[in-house]
Structures are given as C-alpha cells and as structure tokens.
Amino acid sequence: MSSTLIPFRLVIEKVPFLEYFFRMSKFIVWPKIRQSEIAKNDLRFALVDLVLSFSVFSVLIALTTSSATDLSFKDVTSIFNFEWVVLSFIYYSFVPAFFLGVFYLAYFTWIDKREKPFASIYLLALHFLRTHSITVVLALYGFSFILSLYFNHGIHPKHFGEYFASLDNAKTYSIIFIVLFLWIYLLPLTFFCKSKKGIKAFFVAFVSSLIIYFSALQMNMLVPAFFVKHSIDAEKLCEVTKKSNFYNKQVENNKKLIDSGVCKPNKSLKQDK
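The present account deals with the structure reproduced in this document. (Residues numbered from 1 in each chain as written. Predicted model: local features only at pLDDT ≥ 70, side-chain atom pairs only at ≥ 80, totals over all residues. Heavy atoms only, no water.)

### A look at the overall build of the chain
Turning to step 1, where the next piece is worked out: Helix and strand counts for the chain come out as 13 helices and zero strands.
Turning to step 2, where the next piece is worked out: The order of α-helices and β-strands along the chain, N terminus first, is α-α-α-α-α-α-α-α-α-α-α-α-α.
Turning to step 3, where the next piece is worked out: The buried share among the 273 residues of the chain stands at 38%.
Turning to step 4, where the next piece is worked out: Summarising the internal contacts of the chain: among those between residues at least 6 apart in sequence, 74% fall at separations of at least 24.
Turning to step 5, where the next piece is worked out: On the chain, roughly 16,700 Å² of surface is accessible, and the fraction owed to carbon and sulfur atoms is 68%. (Helix = DSSP H or I, 4+ residues; strand = E, 2+ residues; numbered from the N terminus. Buried < 20%, exposed > 50% of the residue type's maximum accessible area, 1.4 Å probe, protein only. Contact = heavy atoms within 4.5 Å. Areas by Shrake-Rupley, 256 points an atom, 1.4 Å probe, with all protein chains shown as cover.)

### Things to note about the packing of helix 8 (residues 170–193) against helix 9 (residues 199–222)
Turning to step 1, where the next piece is worked out: Following both chains from N to C, one finds helix 8 and helix 9 inclined at 125°, their axes separated by 8 Å at the closest point. Judged by the angle between their axes, helix 8 and helix 9 are oblique. The way helix 8 lies across helix 9 gives a crossing that is right-handed. Residues Phe181, Leu182, Tyr185, Leu186, Leu187, Leu189, Thr190, Phe191 and Cys193 of helix 8 lie in contact with helix 9, whose contacting residues are Phe202, Ala205, Phe206, Ser209, Leu210 and Tyr213.
Turning to step 2, where the next piece is worked out: When its residues are assigned to classes, the contact of helix 8 with helix 9 shows 13 nonpolar, two polar and no charged. (Axes fitted to C-alpha atoms, helices over the stretch in contact; angles between N-to-C directions. Parallel < 35°, antiparallel > 145°, perpendicular 65-115°, else oblique. Left-handed = near helix turned anticlockwise from the far one by under 90°. Nonpolar A, V, L, I, M, F, W, Y, C, P; charged D, E, K, R; others polar.)

### Examining the pattern of salt bridges
When the charged atoms of two side chains with opposite charge come close together, those side chains can pair.
Turning to step 1, where the next piece is worked out: Under the definition given, this model contains seven salt bridges.
Turning to step 2, where the next piece is worked out: The salt bridge partner of Arg23 is Glu19, with a shortest N-O separation of 2.8 Å. A residue pair is termed a helical-turn pair when its members lie 3 or 4 positions apart in one helix, as Arg23 and Glu19 do in helix 2 (residues 16–29) at four residues. The pair Arg23 / Glu19 is uniform in exposure class, with both members buried. (Salt bridge = Lys/Arg side-chain N within 4 Å of Asp/Glu carboxyl O.)

### Let's talk about the packing of aromatic side chains
Turning to step 1, where the next piece is worked out: Overall, the coordinates contain 14 aromatic pairs when judged by the stated rule.
Turning to step 2, where the next piece is worked out: Pairwise contacts between aromatic rings join Phe128, Phe181, Tyr185, Tyr213 and Phe214 into one cluster.
Turning to step 3, where the next piece is worked out: The positively charged end of Arg23 is found above the aromatic ring belonging to Phe45, 4.2 Å away from the centroid.
Turning to step 4, where the next piece is worked out: The ring of Phe192 carries the charged tip of Arg114 above its face, separated from the ring centre by 5.1 Å. (Phe/Tyr/Trp six-rings, centres within 6.5 Å; stacked < 30°, edge-to-face > 60°. Lys NZ or Arg CZ within 6 Å of the ring centre and 35° of its normal.)

### A short note on helix 8
Since there are 3.6 residues in each turn of an α-helix, residues three or four apart along the chain are aligned in direction.
Turning to step 1, where the next piece is worked out: Counted at 1.5 Å a residue, the expected span for helix 8 with its 24 residues is 34 Å, and the 33 Å between its end C-alpha atoms agrees.
Turning to step 2, where the next piece is worked out: A bend of about 40° at Leu182 is the largest found in helix 8.
Turning to step 3, where the next piece is worked out: When helix 8 is considered as a whole, its buried residues turn out to be Ala170, Phe181, Ile184, Tyr185, Leu186, Pro188, Leu189, Thr190, Phe192 and Cys193. (Expected span 1.5 Å × (residues − 1). Bend = angle between axes of the 7 residues up to and from the residue.)

Pasting the structure below:
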C-alpha cells in the first residue's frame, strides 16, 4: 500500500463506525465462509461487528426518528430502557445461534458426516452472528420508519404489517429482502455445507440449511424473552406521544382515546406490580 493512503487506512481502522461499514461492505459483496483458521479468517470480527452494530443501531435510530418527526433526540432515546434493549439484543443473537449449532451438529453427524463437526459449527455460528449484525442495522430503518409513522400519523406498531402490505412497493421490498437473505446468508451456508460435487449435493445442502434456519427461528420463538417487553419505558412513551405531531393535531375527544390506549394501560400495569 502506498504511504499516502496510510492516513485513510488509519481512519477506517480507528473510527468504529467507519470500520464497521467498511468491513460490512466487503462482507456483503463477498460473503463466502472461509475454512481457514480463525486468526486468518474474516469471521474473527463477528463478535466485534455484532457489538458495533448495536452502537450504530442505538445512535442512528434516535437520529433518524428525531429527524423524521418534530421530536428531539432526547425525546426519542428516553422511550428506551437500554439495559433491557441490550439483553434483548444479546438474546436474539445467541439463542438462535445456539439452536443453529445443535441442528447443524445433527447435519454434520448424520448427513455430511464430517470428522470435525464442531469446527464447522463454530464457523457457521460466527457467520450467523456476522449476518445478524447487518440485520440489526437494516432493521433500524424499518423501526425508525415505524416510530415516525406512529408519532406523525398515529399508526400503531401492531398495525404496521397491514400498513406495509398496502404499500405499492411492498412486493419489491420483499423481493430485495429475499435476494439479500439468499446471497448473504443461505448461499454461503450451502456452499460451506456441500462437501461433494454435483447438483444433488447442492440441493441437499440448500434444503437442509433452509430447514435448519427456520427451525432455529421457530425454537427461538418458543422460548419467552422476558426482557423484551421492558425495552420500552411505558411512562416515557406516554409522555413523548403527547409531544408528537399526531397527538397535538387531534381534537380533545381523540386525545382522550389515545390516552386510554397508551397511558392508562401503563398505569394499571404499575398498580398491578
């Protein structure tokens, strides 16, 4: 590398956000799972990227939501209990990775019959965590959009599925998501799990990886995440809702309906405790 480029390389290496985006850009372009030892493998950055993705998520979601509404950065961040958000973040990262490991152990034991299955499982788990770090940041755009819909137009997050289905570009967004999922996650897994040549081996590895992925997600859904419901501060959400554009444009009767839906249930919950 030319010495003139060293300052730019140092910026990328020393500034966490730039380092994360640079590494993730390379990963998205070429998400191959290498079987080299961890010290020489890009998957060694999986946990670092996972932590950095949470930092990016926390800052950007507040910035994007506050810029899309009349709310301040402080208002948006106040509705989150970040200690519970962190626990939720860890839960939805490592519980699926655990189930993936269990299912792939069965795959490498009975179908692919590898001599060292745990080494392969370790790489696959790291690949999942690295992919998950991208999912977290991409999800922020959707979540910030959901929050802006709520604070600007009163569309409750529970009804976002119906709202998304009514969008003109809903199918386009869904196709883009499927293509990204195949390219970044499923195809690298398929080529990694396929130890033999031929279409049949590829098909077996592809179908097995697809079944394993969705089975792990289903198992994850069966395990209750107690701390998820504590990630949003109910009282702060009530306060911020009353500062929002949507709330202030309502007539008094509508404001009372919103209060009964957002604020009064929170008070009853508090009394139950």
